[in-house]
Amino acid sequence: MKKLIAGNWKMNGDSASNAELLAGIVAGLPGLDACDVLVCPPSVYVASAVTALAGQPVAVGGQDVSVQVKGAYTGEVSAVMLRDVGATYAIVGHSERRQYHGETDALVGEKAQAALAHGITPVVCIGETLAQREAGETNAVVKRQLAAVIHAVGHCVSELVLAYEPVWAIGTGQTATPEQAQAVHAVIRAQIAAATEHPERVRILYGGSMNAANATQLLAQPDIDGGLIGGASLKVADFLTIIRAAQG
Ligand code: PEP
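Residues numbered from 1 in each chain as written. Predicted model: local features only at pLDDT ≥ 70, side-chain atom pairs only at ≥ 80, totals over all residues. Heavy atoms only, no water.

**Student:** Is there a simple way to think about the overall build of the chain in this case?
**Tutor:** In terms of regular secondary structure, the chain is built from ten helices and eight strands. Relative to the compact-globule value of 18 Å for 248 residues, the chain shows a C-alpha radius of gyration of 17 Å, a close match. Viewed in the frame of its principal axes, the chain has a C-alpha envelope of about 45 × 45 × 35 Å. Among the 248 residues that make up the chain, the fraction classed as buried is 50%. Put simply, 72% of the contacts in the chain that link residues at least 6 apart link residues at least 24 apart. Accessible area of the chain: about 10,700 Å², with a carbon and sulfur share of 54%. (Helix = DSSP H or I, 4+ residues; strand = E, 2+ residues; numbered from the N terminus. Rg over C-alpha atoms; globule rule 2.2 N^0.38 Å. Buried < 20%, exposed > 50% of the residue type's maximum accessible area, 1.4 Å probe, protein only. Contact = heavy atoms within 4.5 Å. Areas by Shrake-Rupley, 256 points an atom, 1.4 Å probe, with all protein chains shown as cover.)

Put into structure tokens, the structure is as follows:
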């Protein structure tokens, strides 16, 4: 299974800086085809990113997806719309959506299901807060979040991409050690193995302050199949270094 290196741009960039970032990534990619690459710009820039990346080995995704297909849902973007403009992935259940928009485990599961139903691969984020880790609840929290997704997507479990993102490591510069990350990834892998006959198809990404300096060690862990990268995905050189680290 190829690793997947995904950039979550969050609410950053504009037309000019996005064009520069994408051109830089494309220019640096030749020879780095042993992993898949994905960028997730803000929704208003998804279509222009698809256009800029035409013919290039870089997929484009949204940062969220609605459970609805269309209608009176102001502000929402559906999987059908993402697909219509050429996106193929959507991040679902990012901790910032859970925290600032009150997204529940059940809603995240419904979003993953809505994405799959319309040809969008959901990158489903799960992970514990610092308080939960300190209380020894990491595995229980991650299992509960994942169970809701498995329940919602039924027989499509093998089509998911998962991202283990400890909330305390996102945007903080504090990374899980490779051993800490691997331990949780192994728990996730076991849960997936119990839910599908094809657990080997499910990529489990690590996210949380992955950067040019720590990517090699994280990506060397047996159950880390790629990275979901925030801050470092906005810097061409850093993002390319992480892609290089994923070449195996
Ligand atoms: C993220 O937002 O998914 C993320 C991992 O951010 P950062 O890499 O900046 O911690």
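**Student:** So what exactly am I meant to see when it comes to the pairing of strand β7 (residues 203-207) here?
**Tutor:** Side-chain direction in a regular strand flips from residue to residue, so the side chains alternate between the two faces of the sheet. Taking burial as the measure, the five residues of β7 include five buried ones, the bulk of the element. What you see with β7 is no split at all: Arg203, Leu205 and Gly207 on one side and Ile204 and Tyr206 on the other are buried throughout. Sheet topology note: the strand β6 (residues 161-164)/β7 ladder contains four bridges and is parallel. The residue bridging Tyr164 from the neighbouring strand is Tyr206, located in β7. (Pairing = 2+ DSSP bridges.)

**Student:** Explain the site of the ligand here, please?
**Tutor:** By nearness alone, 14 residues border the ligand, and Lys10, Glu165, Gly171, Ser209 and Gly230 come closest of all. Side-chain polar atom of His94 to an oxygen atom of the ligand: 2.8 Å apart, as the coordinates give it. A distance of 2.8 Å separates an oxygen atom of the ligand from a polar atom in the backbone of Gly230. Relative to its unbound accessible surface of 290 Å², the ligand loses 95% to contact with the protein. Here the residues of the shell around the ligand sort into four nonpolar, eight polar and two charged. (Near = heavy atom within 4 Å. Polar contact = N/O pair within 3.5 Å; in protein donor to acceptor, adjacent residues only side chain to side chain. Nonpolar A, V, L, I, M, F, W, Y, C, P; charged D, E, K, R; others polar.)

**Student:** What am I meant to see in the pattern of salt bridges here?
**Tutor:** Side chains bearing opposite charge may pair, as long as their charged atoms lie close to each other. If you walk through the whole model with that rule in mind, you get twelve salt bridges. Lys10 serves as the salt-bridge partner of Glu96, at 2.8 Å between the closest nitrogen and oxygen. Of this pair, Glu96 sits in helix α4 (residues 95-100) while Lys10 sits in the loop between β1 (3-8) and α1 (15-28), and the two are 86 residues apart along the sequence. A salt bridge links Arg203 to Asp36; the nearest nitrogen and oxygen atoms lie 2.8 Å apart. Of this pair, Arg203 sits in strand β7 while Asp36 sits in strand β2 (residues 35-40), and the two are 167 residues apart along the sequence. A relative accessible area of 12% places Arg203 in the buried class. On the basis of relative accessible area, Asp36 is assigned to the partly exposed category, the value being 27%. What emerges from the salt-bridge pattern is a single network uniting Asp64, Arg97, Glu103 and Lys111. (Salt bridge = Lys/Arg side-chain N within 4 Å of Asp/Glu carboxyl O.)

**Student:** What is the right way to look at the side chain of Ser78 in this model?
**Tutor:** Its place among the elements puts Ser78 in the loop between β3 (58-62) and α3 (79-84). The buried category is assigned to Ser78, whose relative accessible area is 2%.

**Student:** Explain the side chain of Thr138 to me, please; I cannot follow it from the model alone.
**Tutor:** Within the fold, Thr138 resides in helix α7 (residues 138-153). Beyond its immediate chain neighbours, meaning those up to four positions away, Thr138 contacts Glu128, Gln132, Arg133, Tyr164 and Val184.

**Student:** Can you walk me through the sheet that holds β3 in this structure?
**Tutor:** Strand-to-strand pairing in sheets goes through backbone hydrogen bonds, with the strands running parallel or antiparallel. Strand order in the closed barrel formed by eight strands is β1-β2-β3-β4-β5-β6-β7-β8, and the pairing between neighbours is parallel. Pairs of neighbouring strands in the sheet enclose a mean axial angle of 25°, with direction left out of account. (Axes fitted to C-alpha atoms, helices over the stretch in contact; angles between N-to-C directions.)

**Student:** In this structure, what is going on with the packing of helix α5 (residues 105-117) against α7? I would like to understand it.
**Tutor:** Two packed helices can be described by the angle between their axes and the distance between those axes. It is the contact of α5 with α7, at a shortest axis distance of 8 Å, that shows an interaxial angle of 40°. Classified by the angle their axes make, α5 and α7 are oblique. Of the two elements, α5 crosses α7, and the hand of that crossing is right-handed. Each of Asp105, Ala106, Val108, Gly109, Glu110, Ala112, Gln113 and Leu116 in α5 lies in contact with α7, whose residues at this interface are Arg144, Gln145, Ala148, Val149, Ala152 and Val153. Among the residues forming the contact of α5 with α7, the class breakdown is eight nonpolar, three polar and three charged. (Parallel < 35°, antiparallel > 145°, perpendicular 65-115°, else oblique. Left-handed = near helix turned anticlockwise from the far one by under 90°.)

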